[in-house]
Amino acid sequence: MAPGAERRRGRPPGITPGQARRESARARRLRTGEILARLRREHPDAHTALDHRDAFELLVATILSAQCTDKRVNEVTPALFRRFPTPRDLAGASLAELEELVRTTGFYHNKARALLGLGQALVTEHGSKVPASMEELRQLPGVGRKTANVVLGNAFGQNVGVVVDTHVQRLSRRLGLTAETDPEKIERHLMDLVPQRDWTLWSNLLIAHGRKVCQARRPLCGSCAVADLCPSAEI
Ligand code: SF4
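Thresholds, definitions, all that
Residue positions are given per chain, counting from 1 as you read along its sequence in written order. Reporting in this predicted model follows two pLDDT cut-offs: at least 70 for local features of residues, and 80 or more for side-chain atom pairs to be given and counted; totals over whole chains, interfaces and linings ignore these cut-offs and use all residues. In DSSP terms, a helix is any run of H or I states spanning at least four residues, a strand is any run of E spanning at least two, and both are numbered starting from the N terminus. A residue is called partly exposed when the number of other C-beta atoms within 10 Å of its own lies between 12 and 20, exposed at 12 or fewer, and buried at 20 or more, with C-beta atoms placed from the backbone. Note on definitions: a residue is near a molecule or strand provided its C-beta atom, placed from the backbone, lies within 6 Å of it. Here the nonpolar group is Ala, Val, Leu, Ile, Met, Phe, Trp, Tyr, Cys and Pro; Asp, Glu, Lys and Arg are the charged ones; every other residue, Gly included, is treated as polar. Contact criterion: two residues are in contact if their C-beta atoms, reconstructed from the backbone, are within 7 Å. Take the buried Ala, Val, Leu, Ile, Met, Phe, Trp, Tyr and Cys residues, join any whose C-beta atoms are within 7 Å, and the set you get is a nonpolar core. Domain boundaries shown here were taken from an automatic or database domain assignment. Here an axis means a line fitted to C-alpha atoms, over the contact stretch when the element is a helix, while the angle between two N-to-C directions is reported on a 0 to 180 degree scale. Angles are sorted into four bins: roughly parallel if under 35 degrees, roughly antiparallel if over 145, roughly perpendicular if 65 to 115, and oblique for all others. Left-handed describes a crossing in which the near helix is turned anticlockwise from the far one by less than a right angle; the clockwise case is right-handed. Here, expected helix span is obtained from the residue count minus one, scaled by 1.5 Å. Note on scores: pLDDT gives the predictor's confidence for each residue, bounded by 0 and 100.

1. What to know about the overall build of the protein chain
Consideration 1: A count of helical and extended segments in the protein chain gives 13 helices and zero strands.
Consideration 2: The buried share of the protein chain, reckoned over its 235 residues, is 39%.

The structure is reproduced here in structure tokens:
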């Protein structure tokens, strides 16, 4: 491609795809820092969209959010937590009732079984409390690294990893911060680029930006605060 051709296709005056591919680790960290600062100004109230009052509720809501929108989960959880407000209540639930309560979140049979197992594991192994470590969380039914990261970051204020959901995955690739598609590999790249104290914030910012601006089908590059830092920008 001739020099400048990327710019002539309506790109903003900013980083090109070729420059992003060739940039040094230091330059990419600096660019990531600037993206973080701008998104922080753009989305000052970014936080997890799952309604919760404590770590137990966030853990349950996050399990239910697999393959489901946060909005739908928030419609389901009030009745679920009224009926089963504690791990002990959940541990004594009937599978059929649980299935009915979470039916509209999809994959309800698996999710209900996971919640029942979760309640029982919390009661028998953790004194009815949600453990605050990655190792212990990951041993609970229905809990993978992403769910554990959500709970550790948003309920316990621990930056142990970076939540890589569909928005974080899409934006990280569009922003040229990774070329990976595997969430755990993307997470490793982001952990290398973003200061640890900002890992939870970073995920919440990318999720907010992905919902409001950098949408999957139609990114609104013309009103994007980081367009000049984004090799995928088309304006
Ligand atoms: S909206 Fe456009 S410019 Fe902004 S991050 Fe997404 S692809 Fe890049």
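2. Examining the site of the ligand
Consideration 1: Neighbouring the ligand are 13 residues; Cys214, Cys221, Cys224, Cys230 and Ala233 lie closest to it.
Consideration 2: Classifying every residue of the shell around the ligand gives eleven nonpolar, one polar and one charged.

3. Details of the environment of His167
Consideration 1: Residue placement: His167 occurs in helix α11 (residues 166-174).
Consideration 2: Leaving out residues up to four positions away in the same chain, His167 has contacts with Leu206, Ile207, Gly210 and Arg211.

4. Focus: unusual backbone geometry
Consideration 1: A positive phi angle, close to 45°, is found at Phe107, a residue other than glycine.
Consideration 2: If you trace the backbone, Phe107 turns up in the loop between α7 (95-102) and α8 (108-126).
Consideration 3: Positive phi outside glycine occurs at Ser128, with the angle close to 65°.
Consideration 4: Along the chain, Ser128 falls in the loop between α8 and α9 (134-138).

5. Thoughts on the nonpolar core
Consideration 1: Counting residues in hydrophobic clusters, the biggest one holds 57 residues, and the most contacted among them are Leu115 and Val151.
Consideration 2: In terms of residue count, helix α4 (residues 55-64) provides more of this core than any other element does, seven residues in total.
Consideration 3: Among the domains, domain 1 (9-44 + 161-229) and domain 2 (55-154) are the pair contributing at least three residues each to this core.
Consideration 4: Beyond its immediate chain neighbours, meaning those up to four positions away, Val151 contacts Ala55, Leu58, Leu59, Thr62, Val130, Leu137 and Phe156.

6. As for the packing of α4 against helix α10 (residues 145-154)
Consideration 1: Contact pair α4 / α10: the axes reach a minimum separation of 10 Å and the direction vectors enclose 150°. What the angle tells us is that α4 and α10 run roughly antiparallel. Here α4 runs over α10; the crossing is right-handed. Residue-level inspection shows Ala55, Leu58, Leu59, Thr62 and Ile63 of α4 in contact with α10, the latter providing Thr147, Val150, Val151 and Asn154.
Consideration 2: Within the contact of α4 with α10, the residues separate by chemical class into six nonpolar, three polar and no charged.

7. Some words on the environment of Glu184
Consideration 1: By the element assignment, Glu184 lies in helix α12 (residues 183-193).
Consideration 2: Each C-alpha atom of the pair Glu184 and Pro17 lies 23 Å from the other, and the pair is 167 residues apart in sequence.

8. Description of α4
Consideration 1: Buried residues dominate α4, accounting for eight of its ten residues.
Consideration 2: The inward-facing, buried residues of α4 abut α5 (70-83), α6 (87-91), α7, α8 and α10.

9. Focus on the domain arrangement of the protein chain
Consideration 1: Annotation of the protein chain at the domain level lists domain 1 (9-44 + 161-229) and domain 2 (55-154).
Consideration 2: Summarising the inter-unit geometry, the C-alpha centres of domain 1 and domain 2 are found 30 Å apart.
Consideration 3: The interface of domain 1 with domain 2 comprises nine residues on the first partner and six residues on the second.
Consideration 4: Looking at the side of domain 1 that touches domain 2, the elements with two or more residues in it are α12 and α13 (199-212).
Consideration 5: Of the residues belonging to the side of domain 1 that touches domain 2, the class tally is five nonpolar, two polar and two charged.

10. Some points on α8
Consideration 1: The end-to-end C-alpha separation of α8 is 25 Å, in line with the 27 Å expected for 19 residues at 1.5 Å each.
Consideration 2: By the burial criterion, the buried members of α8 are Lys111, Ala112, Ala114, Leu115, Leu116, Leu118, Gly119 and Leu122.
Consideration 3: Tucked into the core, α8 has its buried residues touching α4, α6 and α7.
Consideration 4: One or two steps after α8, the chain reaches Gly127, where phi turns positive at roughly 60°.

11. Points about the confidence of the model for the protein chain
Consideration 1: With 95% of its residues at a pLDDT of at least 70, the protein chain reaches an overall mean of 94.
Consideration 2: Throughout residues 1-8 the model reports pLDDT below 50, and contacts reaching past four residues in sequence, or to other chains, amount to six contacts.

12. A look at the environment of Leu152
Consideration 1: Inspection of the secondary structure assignment puts Leu152 in helix α10.
Consideration 2: A tally of 24 C-beta atoms within 10 Å means that Leu152 is categorised as buried.
Consideration 3: On a C-alpha basis, the gap between Leu152 and Ser133 in space is 7.3 Å, while along the polypeptide they are 19 residues apart.
Consideration 4: Aside from chain neighbours lying at most four places away, what touches Leu152 is Ala132, Met134, Gln158 and Val160.

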